[in-house]
Amino acid sequence: MSLSPEQIRQVAQLARLQLNPEQVEPYARQLSNILEMVDRLSSVDTAKVSPMAHPLDMVQRLRADAITEADRRDDYQAIAPETQDGLYLVPKVLE
Amino acid sequence: MHTLTIAQLAAGLREKKFSSRELTQHYLKRIDAFDGALNSFVTITAERALAQADAADARLAAGDAGILTGIPLGQKDIFCTQGVRTASGSKMLDSFIAPYDATIVEKLDAAGMVMLGKLNMDEFAMGSSNETSFYGPVCNPWDKTRVPGGSSGGSVACVAAGLAPVATATDTGGSIRQPAALTNLTGIKPTYGRVSRYGMIAFASSLDQAGVVARSAEDAAHVLQAMSGFDPKDSTSVERPVDDLLSGLGQSIKGLTIGLPKEYFADGMSAGVRERIEQAIATLTQLGANFKEISLPNSPLSVPTYYVVAPAEASSNLARFDGVRYGHRAEGAKSLEELYKRSRGEGFGAEVQRRIMIGTYVLSHGYYDAYYLQAQKVRRLIYDDFKRAFADGIDLVLSPTATDVAFKFGENSDDPVAMYLNDIYTIAANLAGIPAMSLPCGFVDGLPTGFQLMGNFFAEARMLNVAHQYQQATDFHQQWPTEYAS
Amino acid sequence: MIIPAGWEAVIGLEVHCQLSTQSKIFSGSAIAYGAAPNSQASPIDLGMPGMLPVLNVDAVKKAVTFGLSVSAKIADRSVFARKHYFYPDLPKGYQISQYELPIVYEGHLDIEMEDGTTKRIGITRAHLEEDAGKSVHEGFQKSSGIDLNRAGTPLIEIVSEPDLRTAQEAVAYLKKLHQLVVYLGICDGNMQEGSFRCDANVSVRKIGAPKFGTRTETKNVNSFRYVEKAIEYEIERQIEVIEAGGSIRQETRLFNPDTGETKAMRSKEDANDYRYFPDPDLLPVVCTQDYIDAIRKSLPELPEPKRARFVAEFGLSDYDAKTLTSSRELAAYYEAVVTASGAEAKLCANWVATDLLGALNKMSKGIEESPITAVAFAALLKRIADKTINGKIAKDVFEAMVAGEGSADEIIQAKGLVQVTDESAIIAAIDDVIAKNPQQLADYRGGKDKLYGFFVGQAMKATQGKANPDALNRLLKERLAG
């Protein structure tokens, strides 16, 4: 499996990564190498194997429905790039 | 003072040979003297450390101290520390001052430990050489032209150079064990779920686990004991009492059965490493352990499996870094799309971008089954191999930790796949979720090397016992890189 | 709207229903509506590094409650997955939802059709997920503001089968669903605040066509009326496009309430590549049979069985029973009135359904805001039953009660409205009326039966309306007969 520069651009778009044009070709080569290494998996017979999402055979624990968080907006927004009136700002979103 | 063990430091504090403040100052001076060249710390929290030291001294005076009270440590910069920048080696988080503490930071603070600062690491823990850090590479104290391993490069360099007695670290595919092997340290990654992940910046959630690097198994046991335990804030944390990791250290290992997986002893490791490991097996045999060849037939698939699962989870975990609520934000973006793409393009380094793209690709429409689902199935095969081995009466599994001694800077940095093969022996334990550790077993051309022990779920105490017994019989772990010994 | 002959619409609804828990689905933040921006957004809700989700027990319980109420299956093992897309109201870059293994699946809901028959609408699934935040566009020049208070509010997304054929059916289904979730107490049902939102999947095809046509999804239609209009618009638009030789594009559309039209949203090439995978921060949610049985036992009586019971137990008409069971609060009010008043159930039904609801309607109030409690209302009906007052006087007392003038007994006392049951007083009044109207008496006795009403009116007036109607009728007939 190899990835073309065009596919790299598509994946970068999906992941919202701005790539410099000169990065695209090396990325295509490197990612193709990685996929080639990974392609070894395709020959493994897994017809009867159930996928393993987790190392531990545990079930989800449930939390009591209680309000435990105080309003600490000022603390949290102290590290925000841009806020106004308690809102986080982004360039205008068009719908 | 910096050559003392944790038990010796604790005794010294109690006997008033030195105070925690003096001890802390001693380490801060060493950091000042040596770290300019090593680059193991990204943030030094001297003021906070001295305040913690004074509090520890008060606790010691009041008779309200535990074994770790007043002992300094370094925290890997992947653990959120309230009021202190937590950057995870990334430009993306260069401005991120965490508004909360990770659970393990809370626990070690509560034990009275003194945080000297935050430790350098590969960006978002993605790397095996500490060369991907936004804050620059870390040097191996044994040879400054060589890497310390990664991703916990800062953690091992600072402990190996005696800039801290012990350090926290994390391990997603070998990030505790491989650097420990390359710097003559003892590093342990406990069972998945044993140490809380709350406040630990995620790389690959189903693989990440926090642990310790230390100068001995005993030192590691002390700190791991304090870090471990159930945390209601982490759904994957295990609700089970923590075993006593210390009381069994002195037990004999006679009659213990250690498996030697033939797949791990095939080609791949250097002749020097092989010779050191054979020597370690001989030593353990003398101590009464029985060795048995076993097969973990799917372990050779660990690296490809890992390089699907880990990037997939990483691409998802790193989607939150978008320049909106915290972290790096591109200047002057005209549209939302541009803000995202430029903030992420500028904020992430090349290795992180590669992994995000691989992860995005394997999860994307039409590829999920072939890559992600298949990797999850192979993951189970790898896990089943271990389960079978332990069910067949194997107590522990022994293997190399790394293929070779530390390599030179730049040697693997343009070839991701070659770099990834550094983790060939360590990744399976993360995929299976089992505990694993690395400990020193001697030197090849003056450079340290280590071997790995892997155990069944929650077999940390047993592993540490074997490691401790081995360290009672050997003195490799007591060797220092010349420059830092005195 | 009438669908043109030969055409058929195929409609499925996806309803997002906010669960009325105290805290968020994965964090301990409050979920109150209308709080100051981002004052209910914790580091977990903000997607800060190292933060981890822990599932709210009540969200699971409410989802299972819903599932049982629509005769659905409850998954013994359901799994949370991450749904990825970049949008500023989605702080983590993914929404935690359920994908392959939802907690509720294969249920159904019966709706009533206009002709009185019922139609069964399949419910494919209902899955637990977290809500997103909100973007604020007003008040900024070049920016949008992001408020993440809503991010992490628990939702169930209820997905219907494409069993609906007209906009009216869709609305009937939606109303039924709305009534149900409010009845169950799992959702406040407030559509204006977005607690209950609907996306409509619509396609059209020629009747008899073997396959469905290409569908569009119209997003976030936030009232019953808009749902009807949006679906009708889509049906008409799609038929027009196809009849003009065009084809329907699979796309997401937005309804504009001002124009009554739907419009395609800007489609992005990667819009639908959500890259779902099981969330590694969360483990499978297990519902044991014991757990499910316990919830089943605690289910409230649902609207339909309650309606049937009201007909059987209280002898109400189906119409009254339907009205009185339209909400759980109203039904409870009615039952409390019956019990406390000891009056005839049908009398109580008339008073609650007509007089009380009429008055509340005028005040734009719901039953839970009624100025008259069930007990106070029962006291009024008790006085009718024990003949202290008659029905006509009772209306005045009721008005006074609504106006806050006091209890029924206080008003009856203060205004001297106690019914006259003393027969000699009634006879005196009747005799007085007869004496004053000799001509009418003569005509009546001469066969003009209609004049009976005149005498009743006059006699009632003479007692200021307080005469016991039964007594008055009996005595008047006697006296008129001569």
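Conventions adopted
Residues numbered from 1 in each chain as written. Chains lettered and ligands numbered in written order. Predicted model: local features only at pLDDT ≥ 70, side-chain atom pairs only at ≥ 80, totals over all residues. Heavy atoms only, no water. Helix = DSSP H or I, 4+ residues; strand = E, 2+ residues; numbered from the N terminus. Rg over C-alpha atoms; globule rule 2.2 N^0.38 Å. Buried < 20%, exposed > 50% of the residue type's maximum accessible area, 1.4 Å probe, protein only. Contact = heavy atoms within 4.5 Å. Areas by Shrake-Rupley, 256 points an atom, 1.4 Å probe, with all protein chains shown as cover. Pairing = 2+ DSSP bridges. Buried area = accessible area lost by both parts, 1.4 Å probe. Salt bridge = Lys/Arg side-chain N within 4 Å of Asp/Glu carboxyl O. Polar contact = N/O pair within 3.5 Å; in protein donor to acceptor, adjacent residues only side chain to side chain. Nonpolar A, V, L, I, M, F, W, Y, C, P; charged D, E, K, R; others polar. Axes fitted to C-alpha atoms, helices over the stretch in contact; angles between N-to-C directions. Parallel < 35°, antiparallel > 145°, perpendicular 65-115°, else oblique. Phe/Tyr/Trp six-rings, centres within 6.5 Å; stacked < 30°, edge-to-face > 60°. Lys NZ or Arg CZ within 6 Å of the ring centre and 35° of its normal. Expected span 1.5 Å × (residues − 1).

Okay, the overall build of chain A next. Looking only at helices and strands, chain A features three helices and three strands. Secondary structure elements of chain A occur, N-terminal to C-terminal, as α-α-β-α-β-β. The C-alpha radius of gyration of chain A comes to 23 Å, more than 25% above the 12 Å expected for a compact globule of 95 residues. Considering only C-alpha atoms, chain A reaches an extent of 55 × 45 × 25 Å along its principal axes.

The helix and strand tally for chain B stands at 16 helices and 11 strands. At 21 Å, chain B has a C-alpha radius of gyration in line with the 23 Å of a compact globule built from 486 residues. Principal-axis analysis of the C-alpha atoms gives chain B an extent of 65 × 55 × 45 Å. Within the span of chain B, comprising 486 residues, buried residues form 70% of the whole. Within chain B, counting contacts between residues at least 6 apart in sequence, those at least 24 apart form 76% of the total. Accessible surface, chain B: about 13,800 Å² in total, of which carbon and sulfur atoms supply 50%.

Right, let's get into the sheet that holds strand β6 (residues 94-98) of chain C. Residue and element names in this part refer to chain C. With antiparallel pairing, three strands are arranged side by side in an open sheet as β6-β5-β16. Here the strands that pair on one side only, and so sit at the sheet edges, are β6 and β16 (277-278). Both strand β5 (residues 80-84) and β16 contribute to a ladder of two bridges, which runs antiparallel. Across the sheet, R82 pairs through a bridge with F277, a residue of β16.

Tallying the contact residues gives 51 residues for chain A and 71 residues for chain B. Summing both partners gives a buried area of about 5,500 Å² for chain A against chain B, and 67% of it is carried by carbon and sulfur. For the chain A face of the interface with chain B, the top three residues by lost area are L41, M52 and R61 of chain A, together amounting to 14%. For the pair chain A and chain B, the number of links is three salt bridges. With a shortest N-O distance of 3.2 Å, R329 of chain B and E82 of chain A are connected by a salt bridge. Our count for the contact surface shared by chain A and chain B stands at 21 residue pairs in polar contact (both at pLDDT 80 or more). Those elements that place two or more of their residues in the side of chain A that touches chain B are α1 (5-14), α2 (21-38) and β3 (87-91) of chain A. Classifying every residue of the side of chain A that touches chain B gives 33 nonpolar, 11 polar and seven charged.

Further remarks concern the pattern of salt bridges. Where side chains of opposite charge bring their charged atoms close, a pairing between them can arise. The final tally for this structure, using the stated rule, is 55 salt bridges over all chains. Among the charged side chains, a salt-bridge network with shared partners connects R197 and D234 of chain B together with R82, D279 and D281 of chain C.

Bringing the packing of helix α2 (residues 167-184) of chain C against helix α5 (residues 303-314) of chain C into the picture now. Residues and elements named next belong to chain C. Where α2 contacts α5, the axes come no closer than 10 Å and their chain directions differ by 85°. By the angle class used here, α2 and α5 are roughly perpendicular. Residues K176, Q179, L180 and Y183 of α2 touch α5, and the partners they reach there are P303, E304 and K306. The class makeup of the residues in the contact of α2 with α5 is three nonpolar, one polar and three charged.

We now examine the packing of aromatic side chains. Throughout the structure, instances matching the rule amount to 34 aromatic pairs over all chains. Residues F26 of chain C and F80 of chain C carry aromatic rings whose centres are separated by 5.4 Å and whose planes lie at 80° to one another, so their mutual orientation is edge-to-face. In this pair, F26 of chain C is assigned in the loop between β1 (7-18) and β2 (55-56) and F80 of chain C in strand β5, connecting sequence segments 54 residues apart. By the burial criterion, F26 of chain C is buried, and F80 of chain C matches it. Pairing F454 of chain C with F455 of chain C gives two aromatic rings, centres 5.3 Å apart and planes at 70°, and the pair type is edge-to-face. Relative accessible area serves as the criterion here: at 27%, F454 of chain C is assigned to the partly exposed category. Taking the relative accessible area as the measure of exposure, F455 of chain C reaches 0% and is therefore buried. Three or more aromatic residues link up through ring pairs in this structure, and these residues are F96, F124, F321, Y326 and F348 of chain B. When the ring centre of Y274 of chain C is taken as origin, the NZ or CZ atom of K83 of chain C, which lies over that ring, is 4.4 Å away. For the cation-ring pair, K175 of chain C lies above F224 of chain C, with the distance from its terminal atom to the ring centre recorded as 5.6 Å.

Counting residues at the interface gives 29 residues for chain C and 37 residues for chain B. Here chain C packs against chain B, burying approximately 2,800 Å² in sum over the two surfaces, 61% of which is carbon and sulfur. It is P49, L52 and F86 of chain C that lose the most area in chain C upon contact with chain B, and together they represent 21% of the buried surface on that side. Across the contact surface, chain C and chain B share one salt bridge. Of the charged contacts in the structure, one is a salt bridge between R197 of chain B and D281 of chain C, with a shortest N-O distance of 3.1 Å. In this structure, the connection of chain C to chain B is made through 16 residue pairs in polar contact (both at pLDDT 80 or more). Mapped onto the side of chain C that touches chain B, the elements with two or more residues apiece are β5 and β16 of chain C. Looking at the side of chain C that touches chain B, its residues break down into 20 nonpolar, four polar and five charged.

Bringing the pairing of β1 of chain C into the picture now. Consecutive side chains of a regular strand alternate in pointing toward one face of the sheet and then the other. All names here are of chain C. With 11 of 12 residues buried, β1 is to be regarded as a mostly interior element. For β1 and strand β12 (residues 196-206), the ladder comprises 11 bridges, and the chain directions are antiparallel. Each bridged residue has a counterpart across the sheet, and for E8 the counterpart in β12 is R205. With five bridges joining them, β1 and strand β11 (residues 154-160) adopt antiparallel strand pairing. Its bridge partner being in β11, H16 is matched across the sheet by E157.

Strand order in the open sheet made by the four strands is β2(A)-β3(A)-β10(C)-β9(C), with antiparallel pairing throughout. Each having just a single partner strand, β2 (83-84) of chain A together with β9 (134-136) of chain C make up the two edges of the open sheet. Looking at chain direction, β2 of chain A and β3 of chain A are connected through two bridges and run antiparallel. If you follow T83 of chain A over to β3 of chain A, its bridge partner there is Y88 of chain A.

The next thing to look at is α1 of chain A. Within α1 of chain A, the full set of buried residues consists of I8, V11, A12, Q13 and L14 of chain A. One or two steps after α1 of chain A, the chain reaches R16 of chain A, where phi turns positive at roughly 50°.

Cis geometry marks the peptide bond from G150 of chain B to S151 of chain B, where omega comes out at 5°. Residue placement: S151 of chain B occurs in the loop between β3 (114-119) and α5 (153-160). Backbone geometry at D85 of chain A places phi at a positive 50°, although glycine is not the residue there. Along the chain, the position of D85 of chain A falls in the loop between β2 and β3. The exposure class of D85 of chain A is exposed, given its relative accessible area of 61%. Even without glycine at this site, N184 of chain B takes up a positive phi of about 70°. Its relative accessible area of 2% is what places N184 of chain B among the buried residues.

The next thing to look at is the environment of A49 of chain B. Residues and elements named next belong to chain B. Topologically, A49 is positioned in helix α3 (residues 46-61). A relative accessible area of 0% places A49 in the buried class. Separated by 309 residues in sequence, A49 and I358 place their C-alpha atoms 40 Å apart. The contact partners of A49, leaving out residues within four places of it in the chain, are T24, V114, M115 and L116.

Moving on to helix α3 (residues 224-243) of chain C. Residue and element names in this part refer to chain C. Over its 20 residues, α3 runs 29 Å from end to end, which matches the ideal 28 Å to within 8%, given 1.5 Å per residue. Of the residues making up α3, those classed as buried are F224, V227, A230, I231, E232, E234, I235, R237, Q238 and I239. Along its buried surface, α3 packs onto β1, α2, β12, β13 (216-221), β14 (252-256) and β15 (261-264). Remark: G245 follows α3 within two positions and exhibits a positive phi of approximately 90°.

On their own, these measurements won't tell you what the molecule is for.
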